[in-house]
Amino acid sequence: MTANEALLKALLEHAEKLEDLTQEEYATILVLLEAAHAEALGHISTLWQDKDIGEIATRVNMTYSEVTSKIKAAMDKSLPKLANDEVTQIQAMLEEIIPGVAIKGAMVEWQKIAERPAAAGSTLAQLVDALGVNNMTDVVETTKRAIEQGKTLDALVVELRGRAVRRAKWVGGKYVAGKYTGGIMTVDTRQAEALARTAVMHVSNTARDIFWQANEDIIKGYMRVETLDERTCIVCGLEDGRVYGVNEPKPFLPQHVSCRGLYTVVFKSFRELGIDADELPDTTRASMNGQVPKYTTWKDMLKSASLKEQAEILGPTRAKLYQQGMPVESFVKDGKLLTLKELK
């Protein structure tokens, strides 16, 4: 196994641990958001008799403004540690994979990570603010419409909260979220998981980027790696396996909310490092041949998938076009997924 292949394998295994961290971050956000939902419903119930949408809007807005502040505070407590842990983890990986090669440490400044766009040009703080605004707007607009249509309070609560399948509770020190069918709040709560995943991947990718920049003397490029499942979007899937030179501009990751993409690196060969050898005798050392690691890309996965799986990955219409011979690259233009209308 080459050093590049060993690093890729280690990073993919580490990605599973990041998913566990995502769920922990999600649970933290969810506890706060569910409490805000309950408080908002309490305000609406208290003020329902007067049907004063102005006062309801004021109270609900205050509730979700406060929860965004609490979510930011929680992230400021947990995510800086993740950033430092990522640098430590990557350094440990390299010391095991390429022992004897000089590895530089890297200092991670949380403020710089916090100020860097986390996804789609927005910082983490802006994404949290958007979560609060979306919830507030949905709750207020739904309540206003219910008042105008003469609905009962019970009907409004069902429209907002949905019907409870399982109430939220704490089990063994862990928060088990409630489960609801339907409801505006149920839809908005799903945004919390997207925020948690984006936060974890943003901090992880940025911390690694800082580390790689400090060690660019031993690497000659970066390779994009995507998760091989139906949740990976077509735009990101097509980037899987793409290699960028050290000085070549590359997209920031996460590329979008909930993006799970990452970069691995392509090490220089021994000769490129100034070592006059194709391979060193130490058999515990992974080969540094300077070649891009070989692995199954998203396009490879798509090609070998069943017709049903292709429909799940691409959607039924695009899958049919793909099966008829249209290249999957045709579905994307200038980094954006073309609509079905644009494809016809």
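Whatever comes next refers back to the structure up there.
A brief report on the enclosed structure follows. Each chain carries its own residue numbering, running from 1 in the written order of its sequence. In keeping with the predicted nature of the model, local features appear solely for residues at pLDDT of at least 70, side-chain atom pairs appear and are counted solely at 80 or more, and the whole-chain, interface and lining totals rest on all residues. As a convention, hydrogens and water are excluded, and side-chain values are obtained from all of the structure's heavy atoms.

## Regarding the packing of helix α4 (residues 124–148) against helix α5 (residues 153–161)
One can describe the packing of α4 onto α5 by two numbers: an axis separation of 10 Å at closest approach and a directional angle of 150°. By the criterion of interaxial angle, the relationship of α4 to α5 is roughly antiparallel. Pair α4 / α5 crosses with right-handed handedness. On α5, the residues that touch V139, T142, T143, R145 and A146 of α4 are L156, E159 and L160. The residue inventory of the contact of α4 with α5, partitioned by class, reads four nonpolar, two polar and two charged. Lines fitted to C-alpha atoms define the axes, with helix axes restricted to the stretch in contact, and inter-axis angles between N-to-C directions lie between 0 and 180 degrees. Think of it this way: any DSSP run of H or I at least four residues long counts as a helix, any run of E at least two long counts as a strand, and we number them from the N terminus. Oblique is the label for every angle not falling under 35 degrees (roughly parallel), over 145 degrees (roughly antiparallel), or within 65 to 115 degrees (roughly perpendicular). By convention, the crossing between two helices is left-handed when the near helix turns anticlockwise from the far helix through less than a right angle, and right-handed when the turn is clockwise. Contacts are assigned to residue pairs that have any heavy atoms within 4.5 Å of one another. Residues were grouped as follows: Ala, Val, Leu, Ile, Met, Phe, Trp, Tyr, Cys and Pro as nonpolar; Asp, Glu, Lys and Arg as charged; and all remaining residues, including Gly, as polar.

## Thoughts on the sheet that holds strand β5 (residues 219–225)
Only strands joined by at least two bridges in the DSSP assignment are considered to pair. If you walk across this open sheet you meet the three strands as β6-β5-β7, and the pairing is antiparallel. In this open sheet, the two edge strands, each paired with only one partner strand, are β6 (243–245) and β7 (262–267). Across the sheet, the axes of successive neighbouring strands diverge by a mean angle of 30°, strand direction being ignored. Across the sheet, helix α1 (residues 3–47) touches β5 and β7, and the angle it forms with β7 is around 160°.

## Brief notes about the pairing of β7
Accessible area is worked out with a 1.4 Å probe on protein chains only. A residue is then buried under 20% of its type maximum, exposed over 50%, and partly exposed in between. Here β7 lies mainly inside the structure; six of its six residues are buried. Because side chains alternate across β7, one face comprises the buried residues L262, T264 and V266, and the other comprises Y263, V265 and F267, equally buried. Sheet topology places β5 next to β7; six bridges connect them, and they run antiparallel. Note that in β7 the partner of V225 across the bridge is L262.

## Details of the environment of M301
Inspection of the secondary structure assignment puts M301 in helix α8 (residues 298–304). The sequence separation of M301 and L30 amounts to 271 residues, and the corresponding C-alpha distance is 34 Å. Each residue touching M301, except ones within four places of it in the same chain, is listed here: L228, D229, T296 and I313.

## Section: the nonpolar core
The criterion is simple. A nonpolar core is a set of buried Ala, Val, Leu, Ile, Met, Phe, Trp, Tyr and Cys residues joined through side-chain atoms within 4.5 Å. Judged by nonpolar contacts, the single largest core of 74 residues is most densely connected at L7, V60, Y64, I98, W212 and F267. Among the elements of the structure, α1, α2 (53–97), α3 (110–115), α4, α5, α6 (184–214), β5 and β7 are those that each provide at least two residues to this core. When residues in this core are grouped by element, the largest group, 16 residues, is from α1. Not counting the four nearest positions on each side in its chain, V60 is found in contact with A40, I44, M136, V139 and V140.

## A short note on α4
What a helix should span is 1.5 Å times the count of its residues minus one. A rise of 1.5 Å per residue sets the reference length of α4, with its 25 residues, at 36 Å; its end C-alpha atoms lie 36 Å apart and thus fit the reference within 8%. Taken residue by residue, α4 has L124, L127, V128, L131, G132, N135, M136, V139, V140, T142, T143 and A146 as its buried positions.

## Considerations on the pattern of salt bridges
We define a salt bridge as a side-chain nitrogen of Lys or Arg found within 4 Å of a carboxyl oxygen belonging to Asp or Glu. Applying the stated criterion across every chain, the model contains 18 salt bridges. D129 serves as the salt-bridge partner of K72, at 2.7 Å between the closest nitrogen and oxygen. One end of the pair, K72, is in helix α2; the other, D129, is in helix α4, and 57 residues separate them in sequence. Residue classification places K72 among the partly exposed positions, given a relative accessible area of 26%.

## Brief notes about unusual backbone geometry
Here the residue pair L253 and P254 is connected by a cis peptide bond, since its omega of 0° sits within 30 degrees of zero. Inspection of the secondary structure puts P254 in the loop between β6 and β7. A positive phi is found at K51, a non-glycine position, where the angle reads about 55°. The phi dihedral of A120 is positive, around 50°, even though this residue is not glycine.

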